[in-house]
Amino acid sequence: MSGITNQTDIKIKAPGFGGLQSKKRTKMIFDIVSFTCIVIISALVLLPIYWIFRSSLMGSLDIFLWPPSFLPMGTINPVEWQWENYIIRPTSYDFWRYLGNSLTISVPCVIFGTSTAISCGYAFARLQFRGKRFLFALCVGSMLMPAAVTLVPLYMAWTAIGVVDSYLPLILPFLCGGGAFNIFLLRQFIRTIPKELDEAAKIDGAGYFRTLVSIIVPSIKSAIIVVSLLIFITTWNDLLQQLIYIHSRENYTMVLGLTAFFGTFKADFAGMFAATMLTIIPCLTIYILGQRYFVEGIVMTGMKN
């Protein structure tokens, strides 16, 4: 009877062992397919950046060769990469002046936008006041409004004040919460923090401001970094607003400075691509330094505890 029992056990366990192997094989195939898809998508995302870098090291005529050459000494239309394209004269692209002007806009926008977004998000998440739901719905609903709708009224208002051809029209709007999406993002993060911490701080005699600074802000550090990154990248690449409000060449930012490579009778495409690559580097560096917090902030948005 024991022999029969053992054989029966073997017959019962064998299919389970085979199923386990099948699950492992299926998981391995799924991982390989997923990894392949990720590599392909990553290559498609990085292709434009590589294309800019590749074009910045060619002559203006070599850029338009067909079929295009992806490598400097490829088998099809081989070209020699010209590193001297990055020696850009201040007369065509004043890199350091434009960099300082861009930082003059982006840094205050990050400081003002992040701090006011924290205050607004805390008010919507924790404070109780009349009309809170209506104001929050109005704030979130403003994200559905295209920016072009408010472009003409805002330009007329700034012109009437007399601050056109300065950085004030680009900086002052960030004193009003830093954008509806930033307020929404921080509000969702603050709601994930247990209210018991606020109550404990209140018992210890802490007010709203002390609770915000000592408890809320350290707990949402990743979300604050995400908001700062988004504001910096938005203001750095905001060509439309800068093109409208900045007129003097000495006030040009790095984005506006790229227009200097296009003249009436000639266009320096190689120099433009080199300057574009220099314009991308600050944003790319800051994003690489804060990507861990950026991913964490997006993934954890709205999750409880």
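Here the structure is shown first, and the text comes after it.
Per chain, residue numbering runs from 1 following the sequence as it is written. In keeping with the predicted nature of the model, local features appear solely for residues at pLDDT of at least 70, side-chain atom pairs appear and are counted solely at 80 or more, and the whole-chain, interface and lining totals rest on all residues. Based on all heavy atoms of the structure, the side-chain values leave hydrogens and waters out of the count.

Help me out: how do you make sense of the pattern of salt bridges in this one?
Where charged atoms from two side chains of opposite charge approach closely, those side chains can pair. Salt bridge, as used here, is a side-chain nitrogen of Lys or Arg placed within 4 Å of a carboxyl oxygen of Asp or Glu. Counted by the stated rule, this structure contains 3 salt bridges. Here Lys27 ties to Asp31 by a salt bridge, and the two come within 3.1 Å at their closest N and O atoms. Here Lys27 pairs with Asp31, and both are found in helix H1 (residues 2-56), just 4 residues apart, close to one helical turn. Whether a residue is buried, partly exposed or exposed follows from its accessible area with a 1.4 Å probe, protein chains only, as a fraction of its type maximum: under 20%, in between, or over 50%, in that order. Residue classification places Asp31 among the partly exposed residues on the basis of a relative accessible area of 35%. Between Arg97 and Asp94 there is a salt bridge, with the nearest N and O atoms lying 3.4 Å from each other. You can call Asp94 partly exposed: its relative accessible area is 22%. Helical segments are the DSSP runs of H or I of at least four residues, strand segments are the runs of E of at least two, and each set is numbered from the N terminus.

What am I meant to see in the environment of Arg191 here?
Relative to the elements of secondary structure, Arg191 occurs in helix H6 (residues 180-191). Spatially, the C-alpha atom of Arg191 lies 9.3 Å from that of Gly121, the residues being 70 residues apart in sequence.

Explain the packing of helix H2 (residues 95-126) against helix H9 (residues 221-236) to me, please; I cannot follow it from the model alone.
The convention used is that axes are lines fitted to C-alpha atoms, helices contributing only their stretch in contact, and that angles between N-to-C directions extend from 0 to 180 degrees. For the pair H2 and H9, interaxial distance at closest approach is 9 Å and the crossing angle is 145°. Of the two possible hands of crossing, H2 and H9 adopt the one that is right-handed. Between H2 and H9, the residues in contact are Leu99, Ser102, Leu103, Ser106, Cys109, Val110, Gly113, Thr114 and Ile118 and Ile224, Val227, Ser228, Ile231, Phe232, Thr235 and Trp236, respectively. Here the term charged refers only to Asp, Glu, Lys and Arg, the term nonpolar to Ala, Val, Leu, Ile, Met, Phe, Trp, Tyr, Cys and Pro, and the term polar to all other amino acids, Gly among them. By residue class, the composition of the contact of H2 with H9 is 10 nonpolar, 6 polar and no charged. Left-handed describes a crossing in which the near helix is turned anticlockwise from the far one by less than a right angle; the clockwise case is right-handed. Whether two residues are in contact is decided by their heavy atoms, any of which lying within 4.5 Å being enough.

Is there a simple way to think about the nonpolar core in this case?
Note on soluble globular proteins: their nonpolar side chains tend to be buried together. The definition of a nonpolar core used throughout is a set of buried Ala, Val, Leu, Ile, Met, Phe, Trp, Tyr and Cys residues joined through side-chain atoms within 4.5 Å. Membership of the largest hydrophobic core comes to 59 residues, with the highest contact counts inside it found for Ile88, Tyr93, Leu186, Ile216, Ile220, Ile246 and Met254. Only H2, helix H3 (132-141), helix H5 (168-171), H6, helix H8 (208-219), H9, helix H11 (254-257) and helix H12 (269-299) provide two or more residues apiece to this core. If you tally residues by element for this core, the top one is H2, at 11 residues. The start and end points of each domain follow an automatic or database-based domain assignment. Per-domain counts for this core show at least three residues from each of domain 1 (2-86) and domain 2 (95-301). With residues near it in sequence (within four places) discarded, Ile216 still touches Tyr122, Arg126, Ile190, Ile193, Asp198 and Thr211.

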